[in-house]
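# An overview of the molecular structure
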Amino acid sequence: MQSYYATFVSNEIETRALRTGPYSFSTLSWVPGGDDSPVQPIVALQDPSFWAAASSVARPCGYLPIVVDGRPEIEYILNEFANPFMSAQAVRSAITLNAIIRGAGYAVVLRNPENDLPSIYPVSEDNITAITGENDAPAYEIKLGGEKKRFDFDQLLVLPGLGLDGASGLPINELGARSIGLSLNAQKFASKFYKTGVMVGGVLKSPHQLSDEAYKRLQDAFSSAHAGIDQANRVPILEGGTEFVPNSMAPTDFDMSQSRQLSALDSCRLVNVNPVHIGDLSHSTMNNVEQINQLHVSHSLMPWFRAWEIAIRRYILREFDTKTSIYFDYDDLAKPDRKSRIESYSQGIQNGIYSRQWVQKQENLPIDTSGPTWLTPLNMQASGVSSNGN
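Note that the structure is predicted; figures quoted are calculated from it, not measured.

Moving on: the sheet that holds strand β6 (residues 128-132). What the 3 strands build is an open sheet, ordered β6-β7-β8; its pairing is antiparallel. Lying at the two open borders of the sheet, with one neighbouring strand each, are β6 and β8 (147-152). Across the sheet, the mean angle separating the axes of adjacent strands is 30° when strand polarity is ignored. Pairing of strand β7 (residues 138-144) with β8, which is carried by 6 bridges, proceeds in the antiparallel orientation. Note that in β8 the partner of Tyr140 across the bridge is Phe151.

Turning to helix α11 (residues 338-350), a few remarks are in order. When the terminal C-alpha atoms of α11 are compared, their 18 Å separation across 13 residues agrees well with the 18 Å that a helix rising 1.5 Å per residue should span. Of all the positions in α11, only Arg341, Tyr345, Gly348 and Ile349 are classed as buried. End-on, the buried residues of α11 take up no more than an arc of 95°, which puts them together on one face. Seen from the open side of α11, the exposed residues pointing more than 90 degrees away from its buried face are Lys339 and Gln347. Looking one or two residues past α11, Gly352 carries a phi angle of roughly 75°, positive in sign.

The next thing to look at is helix α5 (residues 88-102). Between its terminal C-alpha atoms α5 stretches 21 Å, which fits the 21 Å expected from 15 residues at 1.5 Å a residue. Among the 15 residues that make up α5, 11 are buried, leaving the element largely enclosed by the rest of the structure. Ala88, Val91, Arg92, Ser93, Ile95, Thr96, Leu97, Ala99, Ile100, Ile101 and Arg102 are the residues of α5 that are buried. Of the residues trailing α5, Gly103 is marked for its positive phi of about 95°.

Ile120 and Leu156 are the most contacted members of the largest nonpolar core, which has 66 residues in total. Sorting elements by how many residues they give to this core places helix α10 (residues 289-316) first, with 10 residues.

Looking now at the pairing of β7. Bridge count for β6 against β7 is 5 bridges, and the pairing is antiparallel. By the bridge assignment for β7, Thr129 is matched with Glu141. In this antiparallel pair of consecutive strands, β6 and β7, the connection spans 5 residues, and Asn135 shows a positive phi of 55°. The loop that links β7 with its antiparallel partner β8 comprises 2 residues; one of these, Gly145, has a positive phi angle of about 60°.

Moving on to the sheet that holds strand β4 (residues 104-111). Backbone hydrogen bonds hold the strands of a sheet together, and the pairing may be parallel or antiparallel. Ordered in space as β5-β4-β9, the 3 strands form an open sheet in which the pairing is antiparallel. The open sheet is flanked by β5 (118-123) and β9 (156-160), the only strands paired with a single partner. This sheet shows a mean twist of 30° between the axes of neighbouring strands, independent of strand direction. Sheet topology places β4 next to β9; 5 bridges connect them, and they run antiparallel. Directly across from Tyr106, in β9, lies its bridge partner Val158. Lying on the sheet, α5 is in contact with β4, β5 and β9; it crosses β4 at an angle near 145°. α10 contacts β4, β5 and β9 of the sheet and is inclined by roughly 160° relative to β9.

Attention shifts here to the packing of aromatic side chains. A complete count under the given rule lists 8 aromatic pairs for this structure. Residues Tyr345 and Trp358 carry aromatic rings whose centres are separated by 6.3 Å and whose planes lie at 85° to one another, so their mutual orientation is edge-to-face. Taken together, the positions of Tyr345 in helix α11 and Trp358 in helix α12 (residues 356-362) put the pair 13 residues apart, joining distant regions of the chain. Accessibility expressed as a relative area gives 11% for Tyr345, which makes it buried. A residue is classified by how much of its surface remains accessible, and Trp358, at 36% relative accessible area, is partly exposed. On the numbers, 4.7 Å between centres and 20° between planes, the contact of Tyr354 with Trp358 is stacked. In textbook terms, an aromatic cluster arises when at least three aromatic residues are bridged by ring pairs, as seen for Tyr140, Phe153 and Tyr315.

By the definition in use, this model includes 8 salt bridges. Between Asp266 and Arg269 there is a salt bridge, with the nearest N and O atoms lying 2.9 Å from each other. Note that Asp266 and Arg269 are positioned in helix α9 (residues 257-271) at a spacing of 3 residues, about one turn of the helix. Because the salt bridges share partners, they merge into one network encompassing Arg102, Glu125 and Asp126.

With that settled, the discussion passes to the packing of helix α3 (residues 48-63) against α5. Between α3 and α5, whose axes approach to 8 Å, the crossing angle comes to 135°. With respect to each other, α3 and α5 are oriented oblique. Taken as a pair, α3 and α5 cross one another with a handedness that is right-handed. Taken together, the residues of α5 that come into contact with α3 (itself represented by Phe50, Trp51, Ala54, Val57, Ala58, Arg59, Cys61, Gly62 and Tyr63) are Ala88, Gln89, Arg92, Ser93, Thr96, Leu97, Ile100 and Ile101. Across the contact of α3 with α5, the residue classes tally to 11 nonpolar, 4 polar and 2 charged.

What counts and what doesn't
- Residues numbered from 1 in each chain as written.
- Predicted model: local features only at pLDDT ≥ 70, side-chain atom pairs only at ≥ 80, totals over all residues.
- Heavy atoms only, no water.
- Pairing = 2+ DSSP bridges.
- Helix = DSSP H or I, 4+ residues; strand = E, 2+ residues; numbered from the N terminus.
- Axes fitted to C-alpha atoms, helices over the stretch in contact; angles between N-to-C directions.
- Expected span 1.5 Å × (residues − 1).
- Buried < 20%, exposed > 50% of the residue type's maximum accessible area, 1.4 Å probe, protein only.
- Arc of directions from axis to C-beta.
- Core = buried A, V, L, I, M, F, W, Y, C linked by side-chain atoms within 4.5 Å.
- Contact = heavy atoms within 4.5 Å.
- Phe/Tyr/Trp six-rings, centres within 6.5 Å; stacked < 30°, edge-to-face > 60°.
- Salt bridge = Lys/Arg side-chain N within 4 Å of Asp/Glu carboxyl O.
- Parallel < 35°, antiparallel > 145°, perpendicular 65-115°, else oblique.
- Left-handed = near helix turned anticlockwise from the far one by under 90°.
- Nonpolar A, V, L, I, M, F, W, Y, C, P; charged D, E, K, R; others polar.

Below is the structure:
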């Protein structure tokens, strides 16, 4: 079986190495922000804010454990190694990231003929073509290693994003092309400004008409004395009645900081995350960080958790009922601070909700089996039971 999987992976790696499409930096010629053309995914991720927003969702979908009751072999594939060559974290994160940016994430599900256990291999949308299979059933042609291979409908795992028709998601790199392009252009402008380094902030005004030679000499002399970061803020010496006229823009205006900050908020809106999760703490306090983290789970991550659970049931387990429980274990992600946990544990133990051993397990402490498992307040008893137990 090792050669069976190795052939597939080697073809996929070869395909990625030979690709000259959207994932190749050398073929990107579109200047973002100039029109309504879509931003290619790899270009969109060059915006730090958009990368932070997308990764704040893709990474938890990759590293949080998935529980599949009664199916430890499936849990191993989903949480440890999705295939003999890739970790489950890398595969799940890649599929989710593609679903966020491009509207859908795809993976080929190959099954071992001996035990029917699946292996999951992420594939690019660029290499997939929908076709009609036998009996008009949907199928796919996937380009691998320079040749197209046919896969049945249930062999391709699809993680859809938010869309209008229920079949495919809307690509954020197209919906947010203007916003992402504006952010990239602002960064490019600031980078070129600081690279040039002319920080005087004004123009030279001469009372005389300069000849070409005099103009070039003045320009060269001024640039050589004041261009570059190392020569910024030097005092210029002018001659021949030349005056320095400062402009109205302060140096802080040239880095486009306010525009870039607004673009960062747009990235958060596109991915549906709180600005705190891209490193913007300007609107947060020490009192609401815990609530923001819980909101991130319920508002930003939970829709993707449910999408993954449905995809696993449909494409991995191939079940169309709910007899097997599938869920993300996100307790560590939404865990409150230590003080709040201790107070909750204390009340839960006193009221018989938690056992001491359960609390010790949650906190990764040694389990104490010498004492009672459950505690009940002495002033509490079941309704209808007298004090003598009758």
